[in-house]
Amino acid sequence: MRDVAIVGVGMTRFGELWEASLRDLFVQAASEALHSARADHLDAVFIGNMSAGQFVGQEHIGPLLVDHLGMAGVAAGRVESACASGGLALRTAFVEVASGMSDLVMAAGVEKMTDAADATEVLATASDQELEAYHGITFPGLYAMIARAHMERHGTTEEDLSWVSVKNHRHGALNPKAQFPAEVTLEDVMRSSMVADPLRLLHCSPVSDGAAAVLLCPLDQAKQYTDRPVRIRASGLATGSMALADRKDISFLDSVQLSAQRAYTMAGLTPADIHLAEVHDCFAIAEICCIEALGLVELGKGRAAARTGETALGGRIPVNTSGGLKSKGHPVGATGIAQAIELCEQLRGEAGARQVKGARIGLAQNMGGSGASSVVHIFEGV
Amino acid sequence: MPSPRYWREVPNRFRLEATRCSACGKVNFPARAICPACRGTASEKVTLTREGMVVTSTVLYVAPNEFAMETPYAVAIVETPEGARLMAQLVDCDPADVKPGLPVALEFRLIRQEGHGGILCYGHKAVPAGV
Amino acid sequence: MAGIVGYGAYIPRQRIRAEEIARQWGRDAASIEKGLLLREKSVPGLDEDTITISVAAGRSALERAGIDPQRVGALYIGSESHPYAVKPSGTIVVEALGIGPHVHVADFEFACKAGTEAMFVALGLVESGRVEYAMGIGADTSQGAPNDALEFSASAGGAAYLFGRDALLADVLETFSYTTDTPDFWRREGQFYPRHGGRFTGEPAYFKHVLAASRGILDKSGLKPKDFKYAVFHMPNGKFPLNAGKTLGFTKQQMETGWLVPTMGNTYSGSSPTGLAAVLDVAAPDDLILVTSFGSGAASDSFVLKATALLPERRGRARTVRSMLDHPTRYLTYGQYASYREKIILND
């Protein structure tokens, strides 16, 4: 396997982007990525997207979007793993380059959610349709159950959850591409309207439009495109039981732990080696569960990490300096790629006010549904 | 909800039919061709008892369109005496009273319907035991 | 002879008080309660209907009978609120109860007497020897129009009766039906609420048929009111059954066990069947029971039953009517009631 580097990045703002269609979003992000690497061709394109079929009635978006990029003919396809579609696209592109199959590959992610009449219902198709969605559960509902199980097991409180949102908004306020680039207070969060007990509106990531793209090539060709490549040291992919009812411990995300173990092993690293992480905070409780499953904090200690500043900028292990899904936004398929872009900027020293000093090794964790899939990538500044 | 997709699930939704793996004894609900615990393929039919205990739950205030008129409603994971777990709405009680360990009975209820013209979809919901 | 080998009832757990409905329409609660002899009624949840009520009652009936559901050869449900206009309720109920597929199923309707009608046919089929066991169910979730007198009484509930030849809990000694064409209460296809002829629903409809059927069965069986321990009549409100019973020569004591309407409301096809279940919950061996239903359109079905020695032993296997009637989970506001009864206009 060859060493692989990221040599170009591009991303739209995330938010309610009424003027932009699915096609517009992709073309904008992809063009910016190509431009940033001064690249004029591509060998392959993999696009992460959860559900263009349900959101805008469009399937077969691999060829469609590459056509609109002016590159009809290029090898392309869509990959899907619900909210982990972006991470899966990155992994697919990584393997395409590492295997020697292609030399310049784009991994992109895009989602156009605001055209859809009922985003709640579309998102719920990532859960078990026959066992869970059938009974009227929603995504916030599934994570609310996970939250209650975590509260029962570890004593996590609603305030603990709320500190995650406060921290991520403080980071997002520094991110010009964020959907909600503004701070929120603890009171704001704890008084926001209840969505699925105990999760309130400000514990939940928003519905967003957006696209992001990165360019990958073999590390030994990176100089053709950039002075500051970022090496992808590892990729770990795992699945877990789909239905919450089938999980041994509802408060623990097995797929996250497994995907992380595979990545750490491949990279020859441990959690202690990670300087910063972008983690899948679709709901505040998800960040707490994920940092525990990733081994970044001890099991049971996740609840205090945001409150004490351990995972804040300036803390021991900054998590979601981008603002996370909560403040940055969560156009589902694009998130996994946006996480990679934040880490690239950090590892290149280009994160401005969000910069983590001395950041050399970063971890991105992207999760699908209520945790039935997870993909972890570890990046190193070169 | 297309009719065939609904009709295929009648044995598990209407009668709580499950399977017990012949190799490891795990009760799988609904029936599985391959046991998720041991990958065994031989099993025998088992019908779940219509009672159980709440494992975890939530109360939904924002619901999908089809369920909008029912909010707020509680949904729980319930474990039956056979060790099988299932997701079900919890009704005929104050959602605030739903806690892990609450004993429940499973009752046959209308789960969803598609507007005024689609088929009616039935299944089981949980009510607090003794209510 | 054939008779009841198992029985069960189900009444939804939510209620609304007559005074809350009166408050909504600016009516005087006290005079309504006095006029109807009715204080509150059961309200089904959005997830309850004739089918779910039938399943609950049917499960209790099978538990009391203690037989393998596969031995049930026929199942009939009578209701005026079948969930589908075309597609039977009975097929969903047999699948839920584990009955069939070697079973005969039909849905019945005849306003409020569709329940006793299903019971009559189930009984006859067992008596003929064509099937070993047959179930007849009466259940309803019928509607009363807003600001109409019926809105105070139209409620939800039902009871199921399993008929067989052995191990009877109650023997059916006699039946008698009295039927004429009388347009006292009706609903045309496509209409949401039924309509009625006001005071015409009294003498020429309810009383004429209830009295004729009851007198007919007393004649046919050679029995007198004083021979009976219990009498159950269809209960559209609290007053009509008491008046009918009194006219026939029954006492309040004989009627009070089956007189559920003051707190249950009128469960239409479930009315006298649920009243009978309440009686079976307490009757002693050899007690004689009279049941007369009434269905608008119009007709009454009468039954004379005799409790057996097996009844006290078996009835503890399932919930009693009083345990359900006396322990509602909550009382609704009119707004909640209107929402659950789908009286609020929604887009499709």
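About the criteria used
Residues numbered from 1 in each chain as written. Chains lettered and ligands numbered in written order. Predicted model: local features only at pLDDT ≥ 70, side-chain atom pairs only at ≥ 80, totals over all residues. Pairing = 2+ DSSP bridges. Helix = DSSP H or I, 4+ residues; strand = E, 2+ residues; numbered from the N terminus. Contact = placed C-beta atoms within 7 Å. Axes fitted to C-alpha atoms, helices over the stretch in contact; angles between N-to-C directions. Buried ≥ 20, exposed ≤ 12 C-beta atoms within 10 Å, placed from the backbone. Nonpolar A, V, L, I, M, F, W, Y, C, P; charged D, E, K, R; others polar.

Chemist: What exactly am I supposed to notice about the sheet that holds strand β3 (residues 40-43) of chain C here?
Modeler: All names here are of chain C. The strand order across the open sheet formed by 3 strands is β3-β2-β14, and the pairing between neighbours is mixed. Sheet topology places β3 and β14 (330-331) at the edges, where each strand pairs with a single neighbour. Bridge count for strand β2 (residues 14-17) against β3 is 4 bridges, and the pairing is antiparallel. The residue of β3 that forms the bridge with Arg-15 is Ser-42. Helix α1 (residues 18-25) contacts β2 and β3 of the sheet and is inclined by roughly 55 degrees relative to β2.

Chemist: It is not clear to me how the arrangement of the chains should be interpreted in this structure. Could you clarify?
Modeler: The structure contains 2 pairs of chains in contact, of which chains A and B account for the largest number of contacts. In this view chain A stays clear of chain C, with the nearest C-alpha atoms of the two still 12 Å from each other.

Chemist: Teacher, can you tell me more about helix α10 (residues 271-280) of chain C here?
Modeler: Because each turn of an α-helix spans 3.6 residues, side chains separated by three or four positions end up pointing in the same direction. Counting buried positions over the 10 residues of α10(C) gives 10, a clear majority of the element. All of the buried residues along α10(C) are Ser271(C), Ser272(C), Pro273(C), Thr274(C), Gly275(C), Leu276(C), Ala277(C), Ala278(C), Val279(C) and Leu280(C).

Chemist: I tried to follow the interface of chain A and chain B on my own but got confused; where do I start?
Modeler: It is common to report an interface's size as the accessible area lost on association of the parts. In this assembly, 27 residues from chain A lie in contact with 24 residues from chain B. For the side of chain A that touches chain B, the secondary-structure elements that each account for two or more residues are α5 (119-123), α6 (139-154) and β5 (194-196) of chain A. The biggest single contributor to the side of chain A that touches chain B is α6(A), with 7 residues. Tallied by class, residues from the side of chain A that touches chain B come to 14 nonpolar, 5 polar and 8 charged.

Chemist: I'm lost on the interface of chain B and chain C in this one. Help?
Modeler: In this complex, chain B contributes 19 residues to the contact, which on the side of chain C involves 17 residues. Listed by contribution, the elements that provide at least two residues to the side of chain B that touches chain C are α2 (10-15), β7 (103-113) and β8 (120-128) of chain B. When the residues that make up the side of chain B that touches chain C are grouped by side-chain class, the tally is 11 nonpolar, 2 polar and 6 charged.

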